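Spelled out from the first residue to the last, the chains are:
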Amino acid sequence: MPIQLPHPDSAIHLYRHLLREATYVPPYCRPWVTERIRSKFRDNRRPNIHKAHQSLRYLRSANAGHIGRTLHLCFLASGRLGKRRRQLASSFLAKEPAKDSEALGQKPLYPSTTANGSDHKHQPEGSVIESWLDNWDVEKIKAIARAQVQSPNTNWPKQMRKTYDPASLLSKTNAWGNPFKPKVTKRKEQKHYANVLADLMPPVPQGEWDLLQALSSGQAETTMFDVPTRRTVATTPVAVPNFPTNTIREWNWEAYVTKPVRAVERGNSRMYKSLSGAHDTDPRGQGRPIGVKSFKPRRLRRSVYSRVWEATPILEKARGKGKPQVTFGAARRELSPATTSDLQFFSGVDQKGVRASGIKAHKGNG
């Protein structure tokens, strides 16, 4: 359960509490969480206190052992979601700069006539079709989308649709059988690739991909699996509002009169208990919170790091006229070796389950 700590109202105290909680998150996402907290408070002279309280409850719930929220933090840190995902996409999927002035001046132009011979009335001949899609490498986008569709892994924050190629989806003619104008075709293509980019998992640098591979296989340093224990909470003799004590609190009957019971006791439910930090005073209460587990290296490796690596690709440049090569992580699902006490049930049986010759079957009493 999250520890019962007060939620201060001042921005500086919230900032210190958030930085303290960032020291307890898994080592992989710890630098990203710390830098994100610092940048949010430095960029906003008047930080949003309400959102800061929500972030503090979220971090405390993740540090208490909530697997889903811890996985979400690692998705954000690895660029599977959020701001870093857009940064990685802009860095790896952008077109390479032009090599000379001649290549820089090559831009798509409007033709003077359409395929059926009719002249354009609204676009002059030789005008430039400017598009944000011209700055993106479409071949790299389609290569990652193709690999994402063909990947057997499904436990990702986003799933790529099978119609990622506009050639097999977008129509070239309108309802009357006439071809679209180049501007309309370009607009349809932009809208399609915007939907593809919304579900795309961008690649990461080779060093980070190797680190995720080592974390998912357990070959990384042992410090990457150690989650520091929380320090003892300092007690104070000063009365702090909403601070848990051993004294019996007065029953807030006004809340039960003015609000529905489900709204008043929502924090005690198993779904929200890890966020609110509420404890059951009644042994017949709601029970343990949902999704909270004890953080151990094996659980952290299988439930968090392996899933992040499976959703992370690396991109190799095309050689010659070939296509870019994309490789997604593939974590192994191996069974743990049987213990000594369990091996006695399999004595005299080979790998295929066939009893070895000369061994009689055991007959039970029944």
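Everything numeric in this text was worked out from a predicted model, so none of it was measured.

1. What to know about the pattern of salt bridges
Now for step 1: Under the defined criterion, the tally for this structure stands at six salt bridges.
Now for step 2: Note that Glu-21 is salt-bridged to Arg-60, the shortest N-O span being 3.6 Å. On the criterion of sequence distance, the pair formed by Glu-21 in helix H1 (residues 11–22) and Arg-60 in helix H3 (residues 49–63) is long-range, its members being 39 residues apart. Comparing Glu-21 with Arg-60 shows no difference in burial state: the two are buried.
Now for step 3: Here Asp-134 makes a salt bridge to Lys-186, at a shortest N to O gap of 3.4 Å. Taken as a pair, Asp-134 in the loop between helix H6 (101–104) and helix H7 (138–150) and Lys-186 in helix H8 (residues 182–199) lie far apart in primary sequence, 52 residues in all.

2. A few points about the pairing of strand E2 (residues 325–328)
For a regular strand, side-chain orientation follows a simple rule: the groups alternate between the two sheet faces.
Now for step 1: The alternating pattern of E2 places Val-326 and Phe-328 on a buried face, while none of Gln-325 and Thr-327, on the opposite face, is buried.
Now for step 2: Examined bridge by bridge, strand E1 (residues 313–316) and E2 share four bridges and lie antiparallel to one another. The residue of E2 that forms the bridge with Pro-313 is Phe-328.

3. Thoughts on the packing of aromatic side chains
Now for step 1: Summed over the entire model, instances satisfying the criterion amount to five aromatic pairs.
Now for step 2: With a centroid separation of 6.3 Å and 80° between ring planes, the pair formed by Tyr-28 and Tyr-305 is classed as edge-to-face. One end of the pair, Tyr-28, is in the loop between H1 and helix H2 (30–43); the other, Tyr-305, is in helix H13 (residues 297–310), and 277 residues separate them in sequence. The pair Tyr-28 / Tyr-305 is uniform in exposure class, with both members buried.
Now for step 3: When the centroid spacing of 5.9 Å and the interplanar angle of 65° are considered together, the rings of Phe-225 and Tyr-305 count as edge-to-face. With Phe-225 in the loop between helix H9 (206–217) and helix H10 (253–258) and Tyr-305 in helix H13, this pair connects stretches of sequence that are 80 residues apart. Tyr-305 shares its class with Phe-225; the two are buried.
Now for step 4: Among the aromatic side chains, those forming a connected cluster through ring pairs are Tyr-28, Phe-225 and Tyr-305.
Now for step 5: For the cation-ring pair, Lys-188 lies above Phe-180, with the distance from its terminal atom to the ring centre recorded as 5.1 Å.

What counts and how
Residues numbered from 1 in each chain as written. Predicted model: local features only at pLDDT ≥ 70, side-chain atom pairs only at ≥ 80, totals over all residues. Heavy atoms only, no water. Salt bridge = Lys/Arg side-chain N within 4 Å of Asp/Glu carboxyl O. Helix = DSSP H or I, 4+ residues; strand = E, 2+ residues; numbered from the N terminus. Buried < 20%, exposed > 50% of the residue type's maximum accessible area, 1.4 Å probe, protein only. Pairing = 2+ DSSP bridges. Phe/Tyr/Trp six-rings, centres within 6.5 Å; stacked < 30°, edge-to-face > 60°. Lys NZ or Arg CZ within 6 Å of the ring centre and 35° of its normal.

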